[in-house]
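# Structure at a glance
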Amino acid sequence: MDGLPRYDVPDEVTTDDWALTIRGSVRRPRAFDAADLAALPNETFAEDFDCEAGWTAAGLSWRDVRVADLLERVEPTPESQYALVHAMDGEYACAFPLERIESAVLALELDGEPLPTEHGGPARLIPTGDGDCWESVKWVDSIAITAEPPADTAREIALGRIE
Ligand SMILES: Nc1nc2c(c(=O)[nH]1)N[C@H]1C(S)=C(S)[C@@H](COP(=O)(O)O)O[C@H]1N2
Ligand SMILES: [Mo]
C-alpha cells in the first residue's frame, strides 16, 4: 500500500464494542456485531480502487459480507427506496438507491487481516460497479433505510478536501 495518500484516522473512530446497526423503514431493526458478521456468508474478491484525486490502488484482496444478506435479515418495508450509510467520523454519510446498496459489500478483511482502521475498519462499504471514491464509506456504523431520498454529506466533504 506504499505510495497512497494517508488520511489520519479521526478521533471519533473507535473499534471497541463496535456493531453495525440497520434501522429506519425495516421490519426488524437490529445491530450486527463482529461475531454476527463473521457467521454470515463471506466472500473474497479483488479489485482496483480509484480516487477522484488521481490515484489508484491496484489488486487489493478483500473479504466481505454482502449488504443484501444483511438487508434480508432486517426486512426493508415495501416503501423503502434508499439507504443512508453513516460513518463514525462525525457527519460523514452517503446516500444510495436501495438497489445499489443491495449490490454493495461490506469489507471486513484486507489481504487476510482484519481491515485496519486506517483503511476504514472494522467495516468499509465497497459499492460494486462504477462509483465515486466518497461512496466507499470507511468506519461504517449504521445504515438507515428510508422511503424518501435522504440528505447526505459525503460528496461535499470529499470534494471540499481536494479543491
Ligand atoms: N467515513 C469516511 N469514509 C470515506 C471518507 C471519509 O472522509 N470518511 N473519504 C472518502 C474518500 S473521498 C476517499 S478517496 C477514500 C479514501 O480511502 P483511503 O483512506 O483508504 O485511502 O475514502 C472515502 N471514504
Ligand atoms: Mo476521494
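This structure is a prediction, so every number in the text was calculated from the model and none was measured.

Tallying each qualifying case throughout the model produces four salt bridges. Where arginine 28 meets glutamate 75, a salt bridge forms, and the shortest distance between an N and an O atom there is 3.6 Å. Here glutamate 75 lies in the loop between helix 2 (67–74) and strand 5 (82–87) and arginine 28 lies in the loop between strand 1 (19–24) and strand 2 (30–33), a separation of 47 residues in the sequence. Classification of glutamate 75 by relative accessible area gives partly exposed; the value is 29%. For the salt bridge of aspartate 36 with arginine 30, the shortest nitrogen-to-oxygen distance reads 3.4 Å.

Attention shifts here to the site of ligand 1. By nearness alone, 16 residues border ligand 1, and Asp89, Arg124, Ser136, Lys138 and Arg161 come closest of all. Between aspartate 89 and ligand 1, the recorded distance is 2.7 Å, taken from a side-chain N or O atom to a nitrogen atom. A distance of 2.8 Å separates a nitrogen atom of ligand 1 from a polar backbone atom of serine 136. Of the residues contributing to the shell around ligand 1, the split by class is ten nonpolar, two polar and four charged.

Turning next to the sheet that holds strand 5. If you walk across this open sheet you meet the five strands as 2-1-10-5-6, and the pairing is mixed. Each edge of the open sheet is held by one strand with a lone partner, namely strand 2 and strand 6 (93–97). Strand-to-strand twist in this sheet, taken as the mean axis angle between neighbours without regard to direction, amounts to 20 degrees. Two strands pair when backbone bridges link them, and strand 5 and strand 10 (residues 140–146) are joined in this way by six bridges, in the antiparallel orientation. Across the sheet, residue histidine 86 finds its bridge partner in strand 10, namely serine 142.

Before going further, it helps to spend a moment on the packing of aromatic side chains. For the structure on display, the rule yields zero aromatic pairs. The ring of phenylalanine 32 has arginine 30 sitting right over it, with the charged end atom 3.9 Å from the ring centre.

It is worth spelling out unusual backbone geometry at this point. The residue after glycine 121, namely proline 122, is reached through a cis peptide bond having omega 10 degrees. Residue position: proline 122 is located in the loop between strand 8 (113–114) and strand 9 (124–126). A positive phi is found at aspartate 17, a non-glycine position, where the angle reads about 50 degrees. Notably, glutamate 75 is not glycine yet its phi reads approximately 60 degrees, a positive angle.

Together, Asp48, Asp50, Glu52 and Asp132 give the surface a local cluster of negative charge. Within the secondary structure layout, glutamate 52 lies in the loop between strand 3 (43–50) and strand 4 (56–66).

Conventions and cut-offs
- Residues numbered from 1 in each chain as written.
- Chains lettered and ligands numbered in written order.
- Predicted model: local features only at pLDDT ≥ 70, side-chain atom pairs only at ≥ 80, totals over all residues.
- Heavy atoms only, no water.
- Salt bridge = Lys/Arg side-chain N within 4 Å of Asp/Glu carboxyl O.
- Helix = DSSP H or I, 4+ residues; strand = E, 2+ residues; numbered from the N terminus.
- Buried < 20%, exposed > 50% of the residue type's maximum accessible area, 1.4 Å probe, protein only.
- Near = heavy atom within 4 Å.
- Polar contact = N/O pair within 3.5 Å; in protein donor to acceptor, adjacent residues only side chain to side chain.
- Nonpolar A, V, L, I, M, F, W, Y, C, P; charged D, E, K, R; others polar.
- Pairing = 2+ DSSP bridges.
- Axes fitted to C-alpha atoms, helices over the stretch in contact; angles between N-to-C directions.
- Phe/Tyr/Trp six-rings, centres within 6.5 Å; stacked < 30°, edge-to-face > 60°.
- Lys NZ or Arg CZ within 6 Å of the ring centre and 35° of its normal.
- Patch = residues over 30% accessible without salt bridge, like charges linked within 9 Å, V, L, I, M, F, W, Y side chains within 5 Å.
- Areas by Shrake-Rupley, 256 points an atom, 1.4 Å probe, with all protein chains shown as cover.
- Lys, Arg positive; Asp, Glu negative; His and termini not counted.
- Charge placed at Lys NZ, Arg CZ, Asp CG, Glu CD.

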